Amino acid sequence: MTNKIKALAPDEADLSDMKVVEYQADITETYALYLDDESHSFEGETEKIVFPANEAQVAAVLKDAYEREIPVTIQGARTGLTGAAVPLGGLTVNLERMNNLLHMQYYEDENLYTITTEAGVLLEDLVNAVQSKRLDMIKGQGGPDEEKALERFLNEKKAYTFPVDPTETSAWIGGITACNASGARTFKYGATREWVKRIRVVLANGDILDIRRGQCNADNGVFEIEHSDGEKVTVNIPTYVMPRTKNAAGLYAKPDMDLIDLFIGSEGILGAITLVELGLVPLPENIMPVKAFFPSEDDAVGFVYDIRSSDSPVKMDFLEYYGPNAIEMIKEKASSAGIKIPALSDQTKAIVFFEFEYTDADMEDKIMGLETVLNKHNSSSESSWAGMERSELEKMKIVRHFVPETVNGLIAQRKAQFPKVHKIGTDMAVPDESLRDYLKYYRTVLDGQGMEYVIFGHIGNNHLHCNMIPRNDEEVDQGMDNYMTFAKKAVELGGTVAAEHGIGKLKRDFLKIMYGEKGIEQMQAVKRALDPKWLLNRGNVVPVPADR
Amino acid sequence: MKIIVPVKQVPEVAEVKVNPETGTLIRDGVPSILNPFDELAVEEAIRIKEAHGGDDSEVTVITMGPPQAVDVLYKAMAMGADKAVHMTDRIFAGADTWVTALTLAEQIRKMEFDLIICGKQAIDGDTAQVGPEIAEILRIPQICYVRKVEISEDGKFVTAHRETDEGYEVVKAKLPVLLTATKGLNEPRLPNIMGIMKAKKKPLEVVDAEKLGVSEDRLGLKGSPTTVRKVFPPEQRAGGIKIDGENPKEAARQLVEFLAKKGVI
Ligand SMILES: Cc1cc2nc3c(=O)[nH]c(=O)nc-3n(C[C@H](O)[C@H](O)[C@H](O)COP(=O)(O)OP(=O)(O)OC[C@H]3O[C@@H](n4cnc5c(N)ncnc54)[C@H](O)[C@@H]3O)c2cc1C
């Protein structure tokens with residue numbers, strides 16, 4: 001094992017056929033969407049948008065920008081919620097033309113299939129191609145081993161998928177890697193990070209790193225990177241301790257970490273990811289999605305604690321939650337959408353939505369065990385809503401979307417009268433043992449203020465979305481203050497300020513709460529080592545120091 | 001009371017797209033479901049059994065379809081049906097509505113029943129023929145498009161509200177009878193965990209052509225008197241016009257102008 005890695009010099013690239021948009025009128029009219037992301041919080045501006053079609057072009061573009069000291073913003077699908085992909089001047093590099101699936105690999109020792117893709121592939125396209133095994137486009141693209149792996153994969157009877165399931169499936173593979181995206185099934189499978197085997201990344205100066213997991217690990221918190229011109233840089237990993245939660249806040253840091261993990265989740269401040277190799281898992285034979293109904297929040301939370309404990313009779317794929325006010329929204333929308341949920345009665349005050357895998361052999365044990373835990377918390381399997389097919393799961397997911405849809409509708413209505421109004425949705429997560437306390441804290445603060453809000457989300461990972469729905473401008477200010485209060489509380493409990501959506505330009509202040517001034521400086525030092533001129537994604541994650 | 005419910009597995013039509021070149025449905029990747037009208041039939045059968053059931057009452061679901069169609073039988077049993085019959089065989093493939101009805105009816109003939117409840121039609125073919133054809137083959141009365149069903153105290157008669165274009169008719173008949181269910185009949189229950197577990201243990205009989213004992217040339221594509229020659233989307237009709245004048249007078253003026261232009265008046 002080594003902590004050293006050599007960067008490759010970029011190949012010569014022909015830029016004559018690269019799509020470039022440089023007239024301001026074109027940019028602000030036709031390409032206005034490229035100046036924004038789903039946070040809609042910044043007025044983006046850029047001198048030029050370029051659309052490289054391959055890694056050599058990316059490298060040539062970055063190298064040129066480096067020599068001329070032009071800031072660069074790297075863009076994925078711009079579904080981010082933190083302004084991370086919004087350019088504030090300089091050059092914008094959008095990877096939408098790098099949208100090819102490349103090849104498959106099979107690792108005998110791990111019994112693992114992987115698929116390698118360019119950074120601009122849509123998550124949804126990847127999942128569809130893998131699940132349906134429609135992979136004609138990569139036939140003949142790989143070397144002999146890769147062709148063999150593809151052949152073997154196509155002959156598998158089982159269906160496979162990429163196990164991480166972010167809600168927004170129109171994100172790109174480069175984007176989910178750069179943000180370490182996660183989803184409901186992260187409860188079982190972890191976040192994107194766990195499934196990334198290899199990346200290729202173009203550094204600020206145009207050099208390229210080809211990083212395979214397990215080949216370059218830090219030695220006592222230090223990496224040594226040798227650039228193609230022979231210059232060596234030392235990267236000192238920050239010394240803070242990361243929270244014991246799923247996490248998308250700041251740079252990953254552990255003394256013996258893998259170099260690949262430094263780039264995953266770094267929100268593009270250390271380089272442009274051009275290629276990603278992702279692990280796949282077989283789809284289980286039988287899944288049972290269930291909505292269980294509880295007479296109180298306490299009951300539901302108690303159920304979650306028990307069902308995810310080490311001696312639980314059933315291992316869940318995910319555990320999602322809807323609190324009392326979310327249920328009111330579900331009821332209203334369901335009746336207008338013509339979906340009847342008979343088990344959802346007036347007594348229902350909380351719902352836990354979960355899914356587990358079973359075989360004919362272990363089904364009865366699992367269900368009887370589950371029944372005991374449900375009964376203990378005043379629910380029962382008779383009063384649940386359960387599915388046997390994926391179509392039932394889809395129906396349940398529709399019901400899940402009722403909540404954010406209603407919130408967005410309310411916000412839009414109120415915005416008409418109070419333009420300042422926007423949704424204030426938290427992204428904090430806390431360690432397992434603090435779930436109950438943190439949820440109580442939300443309720444105490446918000447009920448005390450009379451603020452309108454809903455709580456729902458990834459309860460298995462203690463990652464509940466608390467959406468505040470301000471009724472006027474004063475409540476917007478109050479909500480923003482609350483956000484800071486909630487962030488501090490999450491950190492106090494050992495949690496994270498950004499479990500899923502990252503920091504970007506919007507949440508830097510919260511990162512400081514988590515890692516302190518020193519932690520921010522250590523992250524800045526990493527950035528300085530890899531991007532001394534501070535050109536890539538300026539303003540993301542950490543502030544730009546005064547001398548840059 | 002013995003109730004038989006013939007059911008069909010269909011693609012979730014809301015997600016089916018039409019291939020614009022061939023005019024055929026693209027079924028790839030589209031989830032399969034229990035035909036929604038059949039779901040009403042299953043629900044009604046379970047309710048009747050619950051309300052009138054003696055100890056020997058039971059609801060049997062039956063389908064003719066490929067191996068994966070077994071999913072809809074389990075779904076119906078998870079809702080509360082007691083047992084299932086899966087008629088599956090390559091020989092059954094390609095059956096038109098007549099042969100489908102014949103195949104099902106020949107099996108049903110061997111079973112005990114007081115009542116047969118079908119969905120009014122399958123949402124993929126939309127023919128609404130199989131139910132009535134089964135009744136004809138079995139020579140029992142049929143009441144189609146029912147949205148309310150009552151069974152008499154003594155369990156000998158059924159009174160049904162049958163939907164018509166104008167309203168509804170109230171029809172009374174002596175059992176055995178075949179009903180077809182339409183929207184509004186009931187609100188089907190959702191399966192629960194226990195129901196699913198129990199379903200997996202309920203009896204499921206598999207019947208192939210040999211077991212059915214009907215000769216091959218009366219079954220499947222071979223036995224079908226009709227075939228589908230061509231599937232094509234209906235021709236696009238040009239949209240109409242909408243007259244929304246500020247007031248009735250203005251609207252009338254616009255209408256007259258339009259009709260005059262067309263040379264109708
Ligand atoms: C409705 C909705 C639901 C969402 N649900 C989830 C969810 O369940 N889980 C979750 O984790 N997130 C979720 N998100 C947030 C968002 O989808 C994710 O952050 C996603 O990973 C962003 O991917 P993208 O391709 O859109 O990246 P962008 O928004 O374009 O970019 C995000 C950041 O990644 C960087 N980046 C993008 N591509 C590269 C690259 N190739 N190399 C280097 N840096 C790059 C950008 O510079 C930027 O800093 C949701 C967003 C919306 C709008």
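Everything numeric here is computed off the predicted structure, so don't read it as measured data. (Residues numbered from 1 in each chain as written. Chains lettered and ligands numbered in written order. Predicted model: local features only at pLDDT ≥ 70, side-chain atom pairs only at ≥ 80, totals over all residues.)

1. As for the overall build of chain A
A tally of helices and strands in chain A yields 14 helices and 21 strands. In terms of C-alpha radius of gyration, chain A reaches 24 Å, essentially the compact-globule figure of 24 Å for 548 residues. Classification of the 548 residues of chain A by burial places 50% in the buried group. The contacts in chain A between residues at least 6 apart in sequence include a share of 76% that link residues at least 24 apart. (Helix = DSSP H or I, 4+ residues; strand = E, 2+ residues; numbered from the N terminus. Rg over C-alpha atoms; globule rule 2.2 N^0.38 Å. Buried ≥ 20, exposed ≤ 12 C-beta atoms within 10 Å, placed from the backbone. Contact = placed C-beta atoms within 7 Å.)

2. Some thoughts on the overall build of chain B
Looking only at helices and strands, chain B features eight helices and 13 strands. Its C-alpha atoms put chain B at 70 × 45 × 40 Å along the principal axes. In chain B, once contacts between residues fewer than 6 apart in sequence are set aside, the share between residues at least 24 apart is 69%.

3. Details of the pairing of strand β12 (residues 232–236) of chain A
All names here are of chain A. When strand β11 (residues 222–226) meets β12, the two strands line up antiparallel, connected through five bridges. The residue of β12 that forms the bridge with E224 is T234. From the end of β11 to the start of β12, which pair antiparallel, there are five residues, and G230 there has a positive phi angle of about 95°. (Pairing = 2+ DSSP bridges.)

4. Describing the sheet that holds strand β21 (residues 463–468) of chain A
All names here are of chain A. The seven strands are arranged β18-β15-β17-β16-β20-β21-β19 in an open sheet whose pairing can be described as antiparallel. Two strands in the sheet have a free side with no partner beyond their single neighbour: β18 (385–386) and β19 (424–425). Sheet topology places strand β15 (residues 286–294) next to β18; two bridges connect them, and they run antiparallel. Counterpart to K291 in the pairing with β18 is W385. Its contacts with the sheet place helix α8 (residues 297–307) against β15, β16 (316–322) and β17 (350–358), and it is angled at close to 25° to β17. (Axes fitted to C-alpha atoms, helices over the stretch in contact; angles between N-to-C directions.)

5. Points about the pairing of strand β6 (residues 58–64) of chain B
Residues and elements named next belong to chain B. Most of β6 sits out of view: six of its seven residues are buried. Bridge count between strand β1 (residues 2–6) and β6: five bridges; the pairing is parallel. Across the sheet, the residue bridging to P6 is I62, located in β6. Sheet topology note: the β6/strand β7 (residues 83–87) ladder contains five bridges and is parallel. When the sheet's bridge partners are listed, I62 is paired in β7 with V85.

6. Details of the packing of helix α12 (residues 435–449) of chain A against helix α13 (residues 473–492) of chain A
Residues and elements named next belong to chain A. Remark: α12 packs on α13, axes separated minimally by 11 Å, with the N-to-C direction vectors making an angle of 155°. By the criterion of interaxial angle, the relationship of α12 to α13 is roughly antiparallel. For the pair α12 and α13, the sense of crossing is right-handed. In this structure, α12 uses Y438, Y441, Y442, V445 and Q449 to contact α13, whose residues at the interface are Q478, N482, T485, F486, K489 and A490. Taken together, the residues of the contact of α12 with α13 break down into six nonpolar, four polar and one charged. (Parallel < 35°, antiparallel > 145°, perpendicular 65-115°, else oblique. Left-handed = near helix turned anticlockwise from the far one by under 90°. Nonpolar A, V, L, I, M, F, W, Y, C, P; charged D, E, K, R; others polar.)

7. A few points about the sheet that holds β11 of chain A
Residue and element names in this part refer to chain A. The three strands lie next to each other as β1-β11-β12, forming an open sheet whose pairing is mixed. This sheet does not close on itself; its edge strands, each paired only once, are β1 (4–6) and β12. If you compare each strand with its neighbour and ignore which way they point, the axes differ by 20° on average. Inspection of the sheet shows β1 paired to β11 by three bridges, in the parallel sense. Residue pairing across strands places I5 opposite I225, the latter belonging to β11.

8. Considering the site of the ligand
Residue and element names in this part refer to chain A. What surrounds the ligand is a group of 36 residues, the closest being G76, G80, G174, G175 and G268. Only β4 (72–75), α5 (173–178) and β13 (272–279) provide two or more residues apiece to the shell around the ligand. Looking at which element gives the most residues to the shell around the ligand, the answer is α5, with four residues. For the shell around the ligand, the residue count by class is 16 nonpolar, 14 polar and six charged. (Near = placed C-beta within 6 Å.)

9. Some points on the domain arrangement of chain B
With domains assigned, chain B is organised as domain 1 (2–223) and domain 2 (240–265). The gap between the C-alpha centroids of domain 1 of chain B and domain 2 of chain B is 50 Å. (Domains from an automatic or database assignment.)

10. Considering the nonpolar core
In terms of nonpolar packing, the biggest core is built from 226 residues, with V352 of chain A together with V5 and A76 of chain B touching the most fellow members. Looking at this core, the element that brings in the most residues is helix α14 (residues 508–530) of chain A, giving eight residues. Excluding its chain neighbours within four sequence positions, the residues that come into contact with V352 of chain A are A292, F294, A300, F303, V304, L319, Y321 and I459 of chain A. (Core = buried A, V, L, I, M, F, W, Y, C linked by C-beta atoms within 7 Å.)

11. As for the interface of chain A and chain B
In this assembly, 24 residues from chain A lie in contact with 18 residues from chain B. Among the elements that line the side of chain A that touches chain B, the one with the most residues is helix α10 (residues 363–376) of chain A, at four residues. In the side of chain A that touches chain B, the residues fall into 11 nonpolar, six polar and seven charged.

12. Concerning helix α3 (residues 97–109) of chain B
The end-to-end C-alpha distance of α3 of chain B is 18 Å, a good match for the 18 Å that 13 residues give at a rise of 1.5 Å each. All of the buried residues in α3 of chain B are V99, T100, A101, L102, T103, L104, A105, Q107 and I108 of chain B. (Expected span 1.5 Å × (residues − 1).)

13. So, α13 of chain A
All names here are of chain A. Counted at 1.5 Å a residue, the expected span for α13 with its 20 residues is 28 Å, and the 29 Å between its end C-alpha atoms agrees. The complete set of buried residues in α13 reads E475, G479, N482, Y483, F486, A487, A490 and V491. Seen end-on, α13 carries its buried residues on one side only, within an arc spanning 165°. For α13, the exposed residues set more than 90 degrees away from the buried face come down to E474, D477, D481 and T485. (Arc of directions from axis to C-beta.)

14. A short note on unusual backbone geometry
Residues L175 of chain B and P176 of chain B are joined by a peptide bond in cis, for which omega reads 0°. When you line up the elements, P176 of chain B lands in the loop between β11 (168–174) and β12 (177–181). The phi torsion at E267 of chain A lies on the positive side, around 50°, for a residue other than glycine. Within the fold, E267 of chain A resides in the loop between α7 (259–263) and β13. For E267 of chain A, a count of 26 C-beta atoms within 10 Å translates into the label buried. Notably, N462 of chain A is not glycine yet its phi reads approximately 55°, a positive angle. Among the structural elements, N462 of chain A can be located in the loop between β20 (453–458) and β21. Overall, the presence of 28 C-beta atoms within 10 Å leaves N462 of chain A in the buried class.

15. A word on the environment of V164 of chain A
Residues and elements named next belong to chain A. On the secondary structure map, V164 appears in the loop between β8 (160–161) and α5. The class of V164 is buried, set by 26 C-beta atoms lying within 10 Å. Distance from V164 to I469, taken between C-alpha atoms, is 29 Å for residues 305 residues apart in sequence.

16. Section: the domain arrangement of chain A
Residues and elements named next belong to chain A. What the domain assignment lists for chain A is domain 1 (4–97), domain 2 (101–282) and domain 3 (286–492). A C-alpha centroid distance of 21 Å is found between domain 1 and domain 2. Only β1 and α2 (55–67) provide two or more residues apiece to the side of domain 1 that touches domain 2. Broken down by element, the residue count for the side of domain 1 that touches domain 2 peaks at seven residues, all from α2. Classifying every residue of the side of domain 1 that touches domain 2 by side-chain character gives 15 nonpolar, three polar and six charged.

17. Some remarks on the environment of V281 of chain A
Residues and elements named next belong to chain A. Counting through the fold element by element, V281 comes out in strand β14 (residues 281–282). Taking the number of C-beta atoms within 10 Å as the measure of exposure, V281 has 17 and is therefore partly exposed. Sequence-wise, V281 and V164 are 117 residues apart; in three dimensions their C-alpha atoms are separated by 10.0 Å. Non-local contacts of V281, meaning those with residues more than four positions away in its chain, are made with Y160, T161 and P163.

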